[in-house]
Amino acid sequence: MKVFKLSRRNHILQIKEVIRILGLCFFISISASCNLTKLVPDGRTLLWKNKIQGTETVKSGDLLSQVKHKPNRKILGVVKFHLWAYQIGAKATLRRGQDTGRIRKLLIEEVGEPPVLTDTQMIERSAQNLSQYLFNRGFFDNEVSYKTKSILKRTTVTYQVKEGTVYRIKNIVIKTADRPIHQLVSANMEKSYLKAGKPVEYEDMGKERDRITLLLRNTGYYFFNKAYIEFKLDSSVKINEVTINILINERADGVLHRPQTISKVSLIIYNGLSVPDTLVSKGISFVRNGYKIKTPILIRSTMLAEKQLYRQLNVDNTYTRLLALGLFKFVNINFTSDTTLGSPGLNAYITVSPTLKHDFSWEPQVITSERSLGLQNNSLGRNYGIANEFVLKNKNVFRNAEEFNIRWRQSFETQFSTGSSLGPLSNISNNFSAELVIPKLLFAGKFDRNPSFQNTKTSMTFSFLLEKNPNFTRTVFPFSFGYQVTSGLFLFNFSPLNISFNKAEVSSDFREKLNVKDSLFIERLFSNYIITGPKFFLYYSTKLINPNNYWDISSNALEISGLAMSKIFKEKELFGVPFSVFIRSDVDIRYHQNLDVNNRMVYRIYSGIGSPIGKNAFLPFERRFFVGGTNSLRAWRPRTIGPGTYSDASSVQIDKSGEILLQGNTEYRFSILPGRLEGALFLDAGNIWNIKSDSLFTNSTFGFKKFYREFAFNTGLGLRYDFSFFLIRFDWGIPLHDPSYTEGDRWVIKNISDRKWVFNQTILNIAVGYPF
């Protein structure tokens, strides 16, 4: 009973604190919105808000997007920040009576937005636009009116909508004098955007026009375009029902459309030389002009051939595949009529221009590292340092469009101690990799020529990593062989062969400083092992279809390590080094939503699981999950929260990682300086857990009945500045709920009134690029 009273009292205090914070935010937003009519002339009013009334079927948000007369934009949903900035700049100019310089220019010309004055003509045009929009959605008998209400020189416009009854499709009739086209279109109507019973929407008719055009162009009709297609609506059959007549017209000269066959294909390489070395292979004429490349790779990338029916899909795939070789700056495909055979034919001319054979880049970097690979000393902060990355690309190595890449990255890091003085170099790493990319699927035969594949690659990569730290030395030798396929909105990467030798040595002086518990963890973490087995990765994005609202999904769908090798080698080791046996998978789902031109939302769910297999098995450190950091829970440093409700206050803190991850992020982004400065509000939640109990990490196991109470929550504010070639980000993370505390004290936000808590417990993240 005592525990209940204490918990209840804490909850009341937390609620009061949250109410106080929300009240403060509300007061700030209201203050920013006051006195925004100073620059509105007498007799005029500021357009304050648009509203929609009366709609029953169509969403109000869809209708508001069609209103042309829009008020000044807002941030945070309520604050007309840009109008406020403009007014501050204008008042400064009026007060001084002269140009106030750069600040005035910034406030008025870049950040600010002049007041939008109420305009009756614009309101009427908006009402007409709404009526037309409803008409295009099938509400042919709609009515739209408006009324205005002005208070304190602010006007709210209410658009009153009467949708009327929606007209629906009764049937679809195809009309054309061309019998083959009639048969072709009729046979493919199951894929039509127009269906009986659906509302009559002009947008669907536009999609149907594009669908039929593409259908015909993929069946030989090269000269056909969507201008030949008309729609005529007949509503005389029945009230509120429409027959849609699809008219496919003849050519202007009255001649029927005819499918075209490709007569000749020529591929011409323009490289500034004129060398007579024309070669004909597989029916394709190659004019290489001295450019050293073997024809089989060009044939494989060219989806056009003699005596082949013209297909738009083959043309598009030829563009994509030739550009994907990485050898050409541009690709151009033209067709001319060929009447030499007495039948409709086309001559295809493919022209390409090569890029430079060698490409060298040097990228100096200023870096911050939040990873210590094992232990974190509470008296130390982040790692800071410099890095250099050198990349040499050699294209068309063996004259089959192969690419051989060499990368070397070297970094030097140190740490700031509590006295803010630089210590000795804490981390030196060298990472060398060599990669051979072949623009086809080796040993895949006809599978590689699948016309639905826009791009195929085979890659072989060997790497070497040497990392030296005052306490340990780590050496890694990874090798991978994999296939990559791009098909539509999907990218697949399958690596049937992966092997990584991992060796680590811990200094004896460092071991002597550890207690028994930490020593056991270090023994696990810095053991020698081999990771080997297949991996499958996929990526899916709808950004090309809708760049305003789209999904991004990436997943290391499956990684299986050591299972096969542990069966082949009875002792489950190679050269005395044991195989790491585990199964792992993760998925990262993101959705980008544009609210309007100035505001957008981004949502993210990231989850994963990795299960070691065998008695006393341990998931390798680089395959374990963690939360915290600039792209995760931004109120905690990386690897400082979890697993579960585990808490450790020792001076030497073990990096916290787990075998299960659940994480969610929501971020609201708003424009301050269009195209340059952006603000953000965010909410992060998540944690990690272990599958089985671990003596080193108590209370770390996952449980379906308790996991939701063990999430860490944080909120925060952010600023992002876009330098065009990179974006720098500042995110201030504020913890709300910390599962490492006892259950009654986890809502740590109640301490926000304590200045010392705000200074010590909140985190300022500095990073490059968006968090997700």
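By convention here, each chain's residues receive numbers from 1 onward along its written sequence. Per-residue local features are limited, in this predicted model, to residues with pLDDT of at least 70; the limit for side-chain atom pairs, both in listing and counting, is 80 or more; totals at the level of whole chains, interfaces and linings are taken over all residues. Side-chain figures throughout are based on the complete set of non-hydrogen atoms in the structure, without hydrogens or water.

A. Just the sheet that holds strand S6 (residues 241–248), in detail. Criterion used throughout: strands pair if DSSP finds at least two bridges between them. For the purposes of this entry, the term helix denotes a DSSP run of H or I that reaches at least four residues, the term strand denotes a run of E that reaches at least two, and both are numbered from the N terminus. If you walk across this open sheet you meet the 3 strands as S4-S6-S5, and the pairing is mixed. Each edge of the sheet is formed by a strand with only one pairing partner; in this case those strands are strand S4 (168–175) and strand S5 (229–238). Across the sheet, the axes of successive neighbouring strands diverge by a mean angle of 25°, strand direction being ignored. The pairing of S5 with S6 spans 7 bridges and is antiparallel. Among the inter-strand pairings, Lys 238 is bridged to a residue of S6, identified as Glu 241. The sheet strands contacting helix H7 (residues 202–217) are S5 and S6, and the helix crosses S5 at an angle near 135°. Between the N-to-C directions of two axes lies an angle of 0 to 180 degrees, each axis being a line fitted to C-alpha atoms and, for a helix, fitted only over the stretch in contact. We call two residues in contact whenever any of their non-hydrogen atoms come within 4.5 Å of each other.

B. Inspection of a nonpolar patch on the surface at higher detail. A surface patch of nonpolar side chains, about 750 Å² in accessible area, is lined by Leu 76, Val 78, Leu 681, Leu 717, Leu 719, Phe 730, Trp 732, Leu 764 and Ile 766. Examined against the element boundaries, Trp 732 turns out to sit in strand S31 (residues 727–737). Patch criteria: residues need more than 30% relative accessible area and no salt bridge. Like-charged residues are merged within 9 Å; nonpolar side chains of Val, Leu, Ile, Met, Phe, Trp and Tyr are merged within 5 Å. Areas reported here follow the Shrake-Rupley algorithm with a probe of radius 1.4 Å; residue values treat only the protein chains shown as occluding. Think of a salt bridge as a Lys or Arg side-chain nitrogen and an Asp or Glu carboxyl oxygen that are within 4 Å of each other.

C. Region of interest: H7. Each residue after the first adds 1.5 Å to the expected span of a helix. Counted at 1.5 Å a residue, the expected span for H7 with its 16 residues is 22 Å, and the 23 Å between its end C-alpha atoms agrees. Of the positions making up H7, those classed as buried are Asp 204, Met 205, Glu 208, Arg 211, Ile 212, Thr 213, Leu 215, Leu 216 and Arg 217. Residues of H7 that are buried in the fold lie against helix H6 (179–187), S5, S6 and helix H9 (312–324). The cut-offs for exposure are 20% and 50% of the maximum accessible area for each residue type, with area from a 1.4 Å probe on protein chains only; residues under the lower value are buried, those over the upper are exposed, and the others partly exposed.

D. View of the environment of Asn 317. Within the element layout of this structure, Asn 317 appears in helix H9. With 136 residues separating them in the primary sequence, Asn 317 and Phe 453 have C-alpha atoms 7.9 Å apart.

E. The arrangement of the sheet that holds strand S1 (residues 46–53) in detail. Read from one edge to the other, the open sheet built from 3 strands follows the order S1-S3-S2, with strand pairing classed as mixed. The open sheet terminates on both sides in strands that have one partner only, identified here as S1 and strand S2 (143–151). Strand-to-strand, the axes of this sheet are offset by a mean angle of 20°, without reference to chain direction. Judged from the 7 bridges that link them, S1 and strand S3 (residues 154–162) form a sheet pairing that is parallel. Within S3, the position partnered with Lys 51 by the bridge is Thr 158. Relative to S2, helix H5 (residues 120–136) is tilted by about 145°, and along the sheet it contacts S1, S2 and S3.

F. Quick peek at the packing of aromatic side chains. The aromatic pairing rule takes the rings of Phe, Tyr and Trp, using the six-membered ring of Trp, and pairs them if the centres are within 6.5 Å, calling planes under 30 degrees apart stacked, those over 60 edge-to-face and the rest tilted. Inspection of every chain in the model, using the stated rule, returns 32 aromatic pairs. An aromatic cluster is defined as three or more aromatic residues linked by ring pairs; in this entry it consists of Trp 689, Phe 702, Phe 704, Phe 707, Tyr 708, Phe 711, Phe 713 and Trp 747. Two conditions define a charge sitting above a ring: the NZ of Lys or the CZ of Arg must be within 6 Å of the ring centre, and it must be within 35 degrees of the ring normal. Geometry around Trp 48 places Arg 154 over its ring, the cationic atom sitting 4.2 Å from the centre. Note that Arg 634 overlies the ring of Phe 682, its terminal NZ or CZ placed 3.8 Å from the centroid.

G. Geometry of the packing of H6 against H7. Their axes nearest at 11 Å, the elements H6 and H7 cross at an angle of 120°. The angle between H6 and H7 falls in the class oblique. Of the two possible hands of crossing, H6 and H7 adopt the one that is right-handed. Where H6 abuts H7, its residues Ile 181, Leu 184 and Val 185 lie against Ile 212, Leu 215 and Leu 216. Tallied by class, residues from the contact of H6 with H7 come to 6 nonpolar, no polar and no charged. Angle categories: roughly parallel below 35 degrees, roughly antiparallel above 145, roughly perpendicular from 65 to 115, and oblique for all the rest. By convention, the crossing between two helices is left-handed when the near helix turns anticlockwise from the far helix through less than a right angle, and right-handed when the turn is clockwise. Residue type decides the class: Asp, Glu, Lys and Arg count as charged, Ala, Val, Leu, Ile, Met, Phe, Trp, Tyr, Cys and Pro as nonpolar, and the leftover types, Gly among them, as polar.

H. Inspection of the pairing of strand S21 (residues 535–541) at higher detail. Of the pairings in the sheet, the one linking strand S19 (residues 490–506) to S21 comprises 6 bridges and is antiparallel in character. Note on S21: the bridge partner recorded for Phe 494 is Phe 536. Where S21 meets strand S22 (residues 549–561), 6 bridges bridge the pair, whose relative direction is antiparallel. Considered in S22, the bridge of Tyr 540 is made with Ile 553.

I. Region of interest: H5. Counted at 1.5 Å a residue, the expected span for H5 with its 17 residues is 24 Å, and the 24 Å between its end C-alpha atoms agrees. Of all the positions in H5, only Ile 123, Ser 126, Ala 127, Leu 130, Tyr 133 and Leu 134 are classed as buried. Angular distribution of buried residues about the axis of H5 spans 120°; they occupy a single face of the element. Across H5 from its buried face, at more than 90 degrees, point the exposed residues Gln 121, Arg 125 and Gln 128. The inward-facing, buried residues of H5 contact S1, helix H2 (60–64), S2 and S3. For H5, the side-chain oxygen to backbone nitrogen distance between the N-cap and Gln 121 is 3.0 Å, and the N-cap itself is Asp 119. Looking one or two places after H5, you find Gly 138, whose phi comes out positive at around 100°. By arc we mean the arc of the directions from the helix axis to the C-beta atoms, nothing more. Two N or O atoms form a polar contact when they lie within 3.5 Å of each other; inside protein one atom must be a possible hydrogen donor and the other a possible acceptor, and for residues adjacent in sequence the pair counts only when both atoms belong to side chains.

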